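Chain residues, written in single-letter form:
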Amino acid sequence: MEISRTETRQAARGPDATFTGEVSVKPLFDVNDARNFSSAEVSFTPCARTAWHTHPGGQTLIVTSGAGWVQEWGRSKQPISVGDVIWTPPGVKHWHGATVDGPMTHIAIQTFVDGRPVDWLEHVSDEQYRG
């Protein structure tokens with residue numbers, strides 16, 4: 001058994017290359033010999049969001065505080081709030097983040113395929129975000 005103490009897992013600012021606005025990413029667990037998926041707690045300030053991206057093995061989000069939006073390419077953005085669980089199948093282009101009015105935090109769980117959990121794409125424009 002392994003216990004990962006919260007103080008040993010420091011949050012880091014989400015990189016500008018893959019996020020817009022202030023985002024904090026705190027690792028929860030990584031892949032190991034028995035598990036091919038990782039997880040992080042991701043916190044977004046108002047208006048902060050991911051860039052468009054896909055996951056080769058899909059992704060599950062669990063909203064733990066606040067409210068936000070998630071959008072699949074070619075579809076309308078959808079509101080998400082505390083307790084919602086969002087499954088994005090492998091290869092589906094999407095983004096997620098906080099609303100204009102408040103912060104949002106979610107747990108993200110993604111499967112690694114060929115050594116990678118995510119393929120980052122272009123930023124979500126302000127027009128797309130507010131649309």
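Preceding block: the structure.
Let us look at the structure shown here. What you see is a predicted model; the values in this text were computed from it and never measured.

Side note on the nonpolar core
Nonpolar side chains tend to gather and get buried jointly when the protein is soluble and globular.
So, step 1. Residues Val23, Val42, Phe44, Val63, Ile80, Ile86 and Met104 are the most contacted members of the largest nonpolar core, which totals 14 residues.
So, step 2. Listing elements by their share of this core, those giving two or more residues are strand S4 (37–44), strand S7 (59–72) and strand S11 (104–111).
So, step 3. Among residues more than four places away in sequence, those in contact with Ile80 are Val63, Ala67, Gly68, Trp69, Val70, Ile86 and Met104.
So, step 4. Core analysis: the second largest hydrophobic core is formed by five residues, Trp52, Trp69, Val124 and Tyr129 among them.

Considerations on the environment of Leu61
So, step 1. Topologically, Leu61 is positioned in strand S7.
So, step 2. On the accessibility criterion, Leu61 (0% relative accessible area) is buried.
So, step 3. A sequence separation of 51 residues divides Leu61 from Phe112, and the C-alpha atoms of the two residues are 15 Å apart.
So, step 4. Those residues in contact with Leu61 that lie beyond four places of it in its chain are Asp84, Val85, Ile86, His96, His106, Ile107 and Ala108.

Comments concerning the pattern of salt bridges
So, step 1. Applying the stated criterion to the full structure yields five salt bridges.
So, step 2. Between Arg13 and Asp16 there is a salt bridge whose closest N-O contact spans 3.5 Å. Summarising the burial analysis for this pair, Arg13 and Asp16 share the class exposed.
So, step 3. With a closest N to O distance of 2.7 Å, Asp126 and Arg49 form a salt bridge. One end of the pair, Asp126, is in helix H1 (residues 126–130); the other, Arg49, is in strand S5 (residues 49–50), with 77 residues separating them in the sequence.
So, step 4. Look at Asp126 and you get exposed, because its relative accessible area is 52%.
So, step 5. Residue classification places Arg49 among the buried positions, given a relative accessible area of 3%.

Cut-offs and rules
Residues numbered from 1 in each chain as written. Predicted model: local features only at pLDDT ≥ 70, side-chain atom pairs only at ≥ 80, totals over all residues. Heavy atoms only, no water. Core = buried A, V, L, I, M, F, W, Y, C linked by side-chain atoms within 4.5 Å. Buried < 20%, exposed > 50% of the residue type's maximum accessible area, 1.4 Å probe, protein only. Helix = DSSP H or I, 4+ residues; strand = E, 2+ residues; numbered from the N terminus. Contact = heavy atoms within 4.5 Å. Salt bridge = Lys/Arg side-chain N within 4 Å of Asp/Glu carboxyl O.

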